[in-house]
Amino acid sequence: MATQDPVNPSHATFDLFVQAQSCKDVKHHFAELCKQLDINPKDFRSFYGKLKERLNYWKAKALWAKLDKRASHADYQQGKACTKNKCLVLGAGPCGLRVAIELSLLGAQVVVLEKREAFTRNNVLHLWPYTICDLRALGAKKFYGKFCTGSLDHISIRQLQLILLKVSLLLGVEVHTGVEFQGLIEPSGDSGWTANLQPRSHPASAFQFDVFISAGGGRFVPDGFKHKELRGKLAIGITANFINRNTAEEAQVAEISGVARIYNQKFFQDLLAQTGIDLENIVYYKDDTHYFVMTAKKKSLLKKGVIKQDYSNADELLAPVNVDREALHSYAHDAAHFSTGGKLPDLQFARSQSGQPDVAMFDFTCMHRAENASFVKERRGKKLLMALVGDCLVEPFWPLGTGIARGFLAAFDTAWMVRSWGMGIPHLKVLAERESVYQLLSQTTPENTSKNYAAYSIDPKTRYQRVNLSAIHSNQVRNVRDLSHRWRSQSESFSGSEELLKWCQNHTAGYANVHVKDFTHSWRSGLALCALIHHFRSHLIDMSALDESSAAHNFHLAFSILEKELGIQPVMSAADLANSSEIDKLSMVLYLTQVQKAFSSPAKGERSAVTLQEGVCYSEQQLRSFYVDR
């Protein structure tokens, strides 16, 4: 009987590369494949073409067909849109690798830096329909045969990273692991922007780039960006990963896509009665591990001894010294056992990278969001386009499964921005368009995005149902000429917004419980926004029916009217605004500027201080320091 094994050594190596289940093995087999085919992986411009030509293997050809189809999209201009650009991407998480793939397809030279040597995160990500379609089109099924089989709509972070790493390498992206980014080095002499790396002798230290994208995750934000905080009611999350032995018995256990207390009170009452565990919700996904994620009530955690002592401060409450790890393990184990009806025998924790049981407890009371998604630094005549993607742009609210979906959307949006940058569009216009799109991200759901997933591209118009790429004007991100300029405080940055404030005051004067004095506290109840609408469109809103204490209702009403009647997208959800400890000034100014523009009717031929405009927009001084630093 003839053997089915490939005869050509490069074919065998390609199979090993495709099947590799660790970052180390992926890189090793890739390097071996390049050596066997005599291809220089740093020859990014011609690497993929040579690889296709020299690896004449039917399994590889099936993958080339998928990648070629993606690469042929008009957005990339046959890989020539960004041939002059050099991009440094910080972080080889899913979002960093996803944006790296798009930049490579645009023709840019792309280098990815990752401080970790291994991909070890077992936690499982919920996938929106479009992300499944997107990953299939990149050949995910070729690399991971179990990808979204049947009704599965999730994948472990580790498996997703491996898929995207393999695609990145095949397209000529340089990925360096075990190297730590410690800051930017400004241009000097003939050299451009470079990175301060550890170890300092790393070859990537010499890489000069004009685009820097941070996908560092968490709350890491490079200089030039600021985070705003959204704080709600205390919420304590627990994640737990158990070993999946892939037995027939385990395969029969049904997943739990999400059970919330309000929809199944009996389940949670029985759980409390039988175990003493009190949860708000629980999710169970079966992937490389048996993955459970739940929201636990503080009182229950204290009673079960998981939390040793009660504190009002969340950081103190969940500090390692205040958590009994053994009690936490028992809590997570018992919750998993009960929720699956005891059908998962011999539940044993998977191990984390440190060798400990893979169980974590964390506070997601406080969420962070970057004030702006893009920024430009210029030193000695050399511009650097900077952008954020992933968790450092918008921290996901994990119970809703928004992380990877919005993360990929931001990666596409960022690639579109780099495309504009590479095609020579003025940088202020590039920034303005990126910030216009960013206003939509936090409100994006599977319901309000396009359902034509196959047509998704890096062009925002193919994905967002209502997107106004000029919602923010170029003069709103005007640069500062002071060479010694650094970031100013937020209050100083709005020094030119007095006219907008005066406009709001004039059109809300006389309304009960409405006293507009600023862009934060004056808007907390939602009544001021409703009053603006009533002043111009009194038939759309009944002010007498509104209660000052019902902020969420008031914001929801105002947002709904402004979106339906004027096409103005909300700055954030009504609930988030009502529950946040402080309204973000930048977001309110941007939103109210759109409201002002929609309700105003300027005289024909009116000229602003910067350029001819239709409607009202910012003066030259407003918001400029948020986006450009010379």
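Note that the coordinates shown come from a computational prediction; the quantities given were computed from them, not determined experimentally. (Residues numbered from 1 in each chain as written. Predicted model: local features only at pLDDT ≥ 70, side-chain atom pairs only at ≥ 80, totals over all residues. Heavy atoms only, no water.)

(A) Spatial organisation of the overall build of the protein chain. Summing up its helical and strand segments, the protein chain has 21 helices and 18 strands in all. A total of 630 residues make up the protein chain; the buried ones form 56% of that total. Nonlocal contacts in the protein chain, meaning residues at least 24 apart in sequence, comprise 70% of its contacts between residues at least 6 apart. For the protein chain, the exposed area adds up to about 27800 Å²; of that, 49% sits on carbon and sulfur atoms. (Helix = DSSP H or I, 4+ residues; strand = E, 2+ residues; numbered from the N terminus. Buried < 20%, exposed > 50% of the residue type's maximum accessible area, 1.4 Å probe, protein only. Contact = heavy atoms within 4.5 Å. Areas by Shrake-Rupley, 256 points an atom, 1.4 Å probe, with all protein chains shown as cover.)

(B) Layout of the packing of aromatic side chains. On inspection of all chains with the given rule, the structure shows 23 aromatic pairs. An aromatic cluster of three or more residues is present, and its members are Phe14, Phe17, Phe30, Phe47, Tyr48, Tyr57, Trp58 and Trp64. Across from the ring centre of phenylalanine 412, 5.8 Å away, lies the NZ or CZ of arginine 70, which sits over that ring. Above the face of the phenylalanine 408 ring, arginine 98 is positioned so that its terminal group lies 5.9 Å from the ring centre. (Phe/Tyr/Trp six-rings, centres within 6.5 Å; stacked < 30°, edge-to-face > 60°. Lys NZ or Arg CZ within 6 Å of the ring centre and 35° of its normal.)

(C) Representation of a positive patch on the surface in the model. A cluster of basic residues, Lys66, Lys69, Arg136, Lys141 and Lys142, forms a positive patch at the surface. Among the elements of the structure, helix 4 (58-71) and helix 7 (140-143) are those that each provide at least two residues to the positive patch. Examined against the element boundaries, lysine 66 turns out to sit in helix 4. (Patch = residues over 30% accessible without salt bridge, like charges linked within 9 Å, V, L, I, M, F, W, Y side chains within 5 Å. Salt bridge = Lys/Arg side-chain N within 4 Å of Asp/Glu carboxyl O. Lys, Arg positive; Asp, Glu negative; His and termini not counted. Charge placed at Lys NZ, Arg CZ, Asp CG, Glu CD.)

(D) Representation of the environment of leucine 234 in the model. The residue leucine 234 is located in the loop between strand 9 (227-231) and strand 10 (236-243) in this model. Sequence spacing of leucine 234 and alanine 314 is 80 residues, and the spatial spacing of their C-alpha atoms is 7.7 Å.

(E) Spatial organisation of the packing of helix 1 (residues 9-19) against helix 2 (residues 23-37). Between helix 1 and helix 2, the least distance of the axes is 9 Å, while the angle of their chain directions is 160°. Compared by their axis directions, helix 1 and helix 2 come out roughly antiparallel. Crossing hand, helix 1 versus helix 2: left-handed. Residues Pro9, Ser10, Thr13, Phe14, Leu16 and Phe17 of helix 1 form the contact with helix 2, whose participating residues are Val26, His29, Phe30, Glu32, Leu33, Gln36 and Leu37. Of the residues that constitute the contact of helix 1 with helix 2, the class distribution is eight nonpolar, four polar and one charged. (Axes fitted to C-alpha atoms, helices over the stretch in contact; angles between N-to-C directions. Parallel < 35°, antiparallel > 145°, perpendicular 65-115°, else oblique. Left-handed = near helix turned anticlockwise from the far one by under 90°. Nonpolar A, V, L, I, M, F, W, Y, C, P; charged D, E, K, R; others polar.)

(F) Layout of unusual backbone geometry. Cis geometry marks the peptide bond from glutamine 198 to proline 199; its omega dihedral reads 10°. One can find proline 199 in the loop between strand 7 (194-198) and strand 8 (211-214). With phi around 60°, asparagine 246 is a residue other than glycine that occupies positive phi space. With respect to the secondary-structure elements, asparagine 246 resides in the loop between strand 10 and helix 9 (248-251). Asparagine 246 gets classed as exposed once you look at its relative accessible area, which sits at 53%.

(G) Just the side chain of threonine 295, in detail. Relative to the elements of secondary structure, threonine 295 occurs in strand 13 (residues 289-296). Overall, the relative accessible area of 7% leaves threonine 295 in the buried class. At 2.9 Å, the side chain of threonine 295 and the side chain of asparagine 281 are in polar contact. (Polar contact = N/O pair within 3.5 Å; in protein donor to acceptor, adjacent residues only side chain to side chain.)

(H) Up close: the pairing of strand 8. Burial along strand 8 is two-sided: the face carrying Val211 and Ile213 and the face carrying Phe212 and Ser214 are both buried. Sheet topology note: the strand 1 (residues 86-90)/strand 8 ladder contains four bridges and is parallel. Each residue of the ladder has a partner; that of leucine 88, found in strand 8, is phenylalanine 212. (Pairing = 2+ DSSP bridges.)

(I) Up close: the nonpolar core. In terms of nonpolar packing, the biggest core is built from 115 residues, with Phe14, Trp64, Leu103, Val112, Phe147, Ile213 and Leu393 touching the most fellow members. With twelve residues, the top contributor of residues to this core is helix 14 (residues 403-422). Other than its neighbours up to four places away in sequence, leucine 103 contacts Cys87, Val89, Ala108, Val110, Ile213, Ala415 and Val418. Core analysis: the second largest hydrophobic core is formed by 36 residues, Cys504, Ile533, Ile568 and Ile583 among them. (Core = buried A, V, L, I, M, F, W, Y, C linked by side-chain atoms within 4.5 Å.)

(J) Structural detail: the pattern of salt bridges. Summed over all chains, the structure comprises 17 salt bridges. Close ionic contact of lysine 50 with aspartate 43 constitutes a salt bridge, the shortest N to O distance being 3.3 Å. Given the relative accessible area of 27%, aspartate 43 is considered partly exposed. Between arginine 98 and glutamate 102 there is a salt bridge; the shortest N-O distance is 2.8 Å. Placement of the pair is arginine 98 and glutamate 102 together in helix 5 (residues 94-105), with a separation of four residues, close to one helical turn. Judged by relative accessible area, which is 0%, arginine 98 ranks as buried. What you see here is one network of salt bridges that share partners, running through Arg70, Arg98, Glu102 and Asp134.

(K) Broad picture of helix 18 (residues 527-536). Most of helix 18 sits inside the fold, with seven of its ten residues counted as buried. Taken as a whole, helix 18 has its buried residues at Leu527, Ala528, Leu529, Cys530, Ala531, Leu532 and Ile533.

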